[in-house]
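Overview (structure and organization)
So the chains spell out like this:
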Amino acid sequence: MAGGAQIAAPAPPAPSAMGWLAATDHKRTAAKVAVAATFFFLLSGVLALVMRAELAQPGLQFVSDHTYDELFTMHGSGMIYLFLTPVALALGLYLVPLQVGAAQVAAPRLALFGFWIYLCGGLSMYSGFLTDNGAGSDTWGATLPLASSGNTPGVGMDLWVIGVGLAVLGSLLIAVTILLTIIRLRAPGMTMLRMPVFCWTMLATTFMVVASFPVMVVAMALLLAERHIGGIFDGATGSVAYQQLFWFFGHPVVYVMFFPFVGAVGEVVSTFSRKRFFGYRALVVSLLLFTALSMAVWGHHLFILGAVPNQYYSLTSQLLAVPAGIEYLDLIATMIGGAIVFRTPMLFAVGFILQFLIGGLTGIIVASPPLDYHVNGSYFIVAHFHYTLLAGSLFGLLAGFHYWFPKMTGAMLRERLGKLSFWVLVLGANLTFFPMFFLGFEGMPRRVADYAPRFGNLNLLSSIGAGFIALGILMVLANVFVSLRRREPAGDDPWGAQTLEWSTSSPPPHNNFGAALPAITSYAPLLDRREAEEPEREPRGAEASA
Amino acid sequence: MKAGTHQEFEGLFSLYMAIGIGVAVLVFAAVGFALVHYRARGDRRPSRVSEMNRIEIGVATLILLIVAFLVTRTFTVEARVDSAPKEPTTIDVTAFQWGWRFVYPGQGVEVIGNSNDEPTFAVPGDEPVHFKLTSADVLHSFWIPGERFKRAAIPGRTNEFDLDFESEGTEDGLCTEFCGLRHSDMRFNVWVLSKASYRRWLAAHR
């Protein structure tokens, strides 16, 4: 290196607010992303509640048509670009270095830079509400020519385009640091096939991010140019080309918001079944197969265009049932033969498995073009993807959150409040989204502020459900608040877990591991150690049932 | 004569639903069994078995066979639904912000309406109708829920399809591609008539 400049070893972070903001420790960067993502989750959730209030009865009661268009656009954009995608990556940013026995993430400054870029993107998107024409109002993906400056004039839409581009770029940078960590920073002995299940799901996730997110950044840059200069997405070809670019990102991102939670649920299920994950190698193969297929299914969003080879995308999309089926088999087989302990993380994990199934099976239905010809663009689709993203991914996130919260903070969450919030959320999710299958099937389209009076009752039911979801989320927040105020110390390993992060202190020190790492003998090193110590006896922790 | 999109849809949908419900019942039962039977009790020791690749391969093969079956059925049905031979009755449909224009070529008949005044166009109920669909401005989508069918309306491009309306009466249709401010109100009605009534309707609208 020129001049022989030495890079100083990272100093322990200063306790000031500025020090916290500038700290490059992966755990702090992950916490910043998670806090920002939670902020955007609550904002976007409030937008959903306003929508459900409007939709509770036919007719327009609270908002205008245009406001409603902003609401569903910003709700969808907020949840996807600013909440589920970044929070999934934040979980990886926090856990992957710990799980592979690394002291830091690779390229920690890049990860921090990614956070700031993402935050700027989120603020840009939401600041559209302060402009004359309001925030973006052309759905979470926008279409052309609708999103041209002529059809959707205004700075708010530009802020949306810039915001989405930045948020996606920020997520991309964070994902790159996770991928590099897995490739470069695994501890000695941590071979690829000894990485925990969660790390494998993150590896698959970051592959998809690296392959698809740059396309979206470019698509947003082109869309901005189209709005101000024009001549890029001309005519029918341009309109279809924009959709191709968007969905080339838009479908893989769905699995980016899913895989990390499969991994989290896998860890939770094996820990609370007191058993190592079943079918590890089959899972690895299925994840890689899933990742490969995920890059070849985007056209199933375009079946009704009559402009893509429907049969090809139908085939690739339905083939996803094979790796998905293996994942389900492995999760269930991990429970079978176990000694299952019902703590809050396990409840959310089971909720994820069963509710996501409804989203997955209806996904096979919409992967068949003649069936999609009916349900595309209807509330059936809204029901389908909320079963995957809310009843699925959000439950998976909460499983992981309740599981790793003691590790991240050193304090346990309240068990009774946690279980209560789970049941309230189950009630809310199903009451909100199950009626939407019938609404869509009977002819109610998406993205409308008003609907035919015959859909009134089911919509009312759905709106009541949304209230329960809000209540459940408030209970989760209350749980966090109470548990941090009156701390019940967690200790290093409150659950009898299996992976490396549970061998260090809670929260982990600046460089993650104070003492030497335990021997890395498999993807469940702590379980190996317990089994070696107590070959014939009941493993510790099984009696810790609540 | 080919079946209408409605019957084609019902046949395929009930097949997917039957398999979907079967799988759901199986998974719910397996999870329920695991949670009840393998819950932690005083003397339960967790099994140390963690790999059975024969089961993995078996399940993967089974799912592959189901997928192969479903995809084959999908392709067969789609080929029938997508085929759009020339029919005696052709209607040119143009979607626009925020309404619809239906032109009967060679008949001198045109129906037009917007979000304030929903258009109603007539079709003969006893023969297939050939549609040519396009858009005048942004993307729209032409959905008739009763026929279980929709197609995108793309500016600068024409999509062609056949629909076979069977039962006489009125069906409602609407736009399902978000297209701006009055998207919610972009509706139309289809009046399915007997051949004789349809001819009278055409004559009355010339």
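Observations regarding the layout of surface pockets
Over the atoms rolls a probe the size of a water molecule, and in doing so it shows where empty space is left. Residues and elements named next belong to chain A. Of the pockets and cavities examined, the second largest pocket occupies roughly 1000 Å³. Lining the second largest pocket are 35 residues, and of these A31, A34, V35, F401 and M408 sit closest to its centre. When residues of the lining of the second largest pocket are traced back to their parent elements, those giving at least two are α2 (26-55), α3 (65-99), α15 (379-409) and α17 (456-485). Split into classes, the residues belonging to the lining of the second largest pocket amount to 28 nonpolar, four polar and three charged.

Let's talk about the side chain of A:N479
Residue and element names in this part refer to chain A. With respect to the helices, strands and loops of the structure, N479 is situated in helix α17. A polar contact of 2.9 Å, which involves the side chain of N479, links it to the backbone nitrogen of R414. Excluding its chain neighbours within four sequence positions, the residues that come into contact with N479 are H402, L413, R414, L417 and G418.

Looking at the sheet that holds strand β2 (residues 99-104) of chain B
Residue and element names in this part refer to chain B. Strand order in the open sheet formed by five strands is β3-β2-β1-β5-β8, with mixed pairing between adjacent strands. In this open sheet, the two edge strands, each paired with only one partner strand, are β3 (109-114) and β8 (159-163). Within this sheet the neighbouring strands show an average axis-to-axis angle of 20 degrees, counted without direction. Here strand β1 (residues 89-96) pairs with β2 via five bridges, running antiparallel. Within the sheet, the bridge partner assigned to T94 lies in β2 and is R101.

Let's talk about the sheet that holds strand β6 (residues 140-144) of chain B
Residue and element names in this part refer to chain B. The mixed open sheet is built from five strands, whose spatial order is β4-β10-β9-β6-β7. Single-partner strands in this sheet number two, and they are β4 (120-124) and β7 (149-153). Neighbour to neighbour, the strand axes of the sheet diverge by 25 degrees on average, direction disregarded.

With respect to the domain arrangement of chain B
All names here are of chain B. Assigned domains within chain B: domain 1 (3-82) and domain 2 (89-204). Taken over C-alpha atoms, the centre of domain 1 sits 39 Å from the centre of domain 2. Facing the eight residues of domain 1 at the interface are nine residues of domain 2. Between domain 1 and domain 2 the total buried area reaches about 680 Å² when both faces are included, carbon and sulfur atoms providing 44% of it. E10 serves as the salt-bridge partner of R148, at 3.0 Å between the closest nitrogen and oxygen. With five residues, helix α1 (residues 5-37) is the single largest residue contributor to the side of domain 1 that touches domain 2. When the residues that make up the side of domain 1 that touches domain 2 are grouped by side-chain class, the tally is two nonpolar, four polar and two charged.

Reading the values: rules and limits
- Every chain begins its residue count from 1, and numbering advances along the sequence as written.
- For naming, the first written chain is A and the first written ligand is 1, with later ones following in the order written.
- Where local features are concerned, this predicted model is filtered to residues with pLDDT of at least 70; where side-chain atom pairs are given and counted, the filter is 80 or more; whole-chain, interface and lining totals use all residues.
- Heavy atoms from the whole structure form the basis of all side-chain values; hydrogens and water molecules are not counted.
- A cavity here means a set of 1 Å grid points, computed over protein atoms only, where a 1.4 Å probe fits but cannot escape. A pocket is an open set with protein on both sides within 12 Å along at least 5 of 7 lines, and lining residues have an atom within 4 Å of a point.
- Grid points are joined across faces, edges and corners, and a volume is the space filled by probe spheres set on the points.
- In DSSP terms, a helix is any run of H or I states spanning at least four residues, a strand is any run of E spanning at least two, and both are numbered starting from the N terminus.
- Side-chain classes are defined by residue name, with Ala, Val, Leu, Ile, Met, Phe, Trp, Tyr, Cys and Pro counting as nonpolar, Asp, Glu, Lys and Arg as charged, and the others, Gly among them, as polar.
- What qualifies as a polar contact is a pair of N or O atoms within 3.5 Å, subject to a donor-acceptor requirement within protein and to the restriction that residues adjacent in sequence count only when both atoms come from side chains.
- In this analysis, two residues are considered to be in contact whenever any of their non-hydrogen atoms come within 4.5 Å of each other.
- Should DSSP find at least two bridges between two strands, the strands are taken to pair.
- Here the axes come from fitting lines to C-alpha atoms, over the contacting stretch only for helices, and the angles between their N-to-C directions go from 0 to 180 degrees.
- Segment limits for the domains were obtained from an automatic or database-derived domain assignment.
- Values labelled buried area give the accessible surface lost by two parts on being combined, using a 1.4 Å probe and summing over both.
- The term salt bridge refers to a side-chain nitrogen of Lys or Arg lying within 4 Å of a carboxyl oxygen of Asp or Glu.

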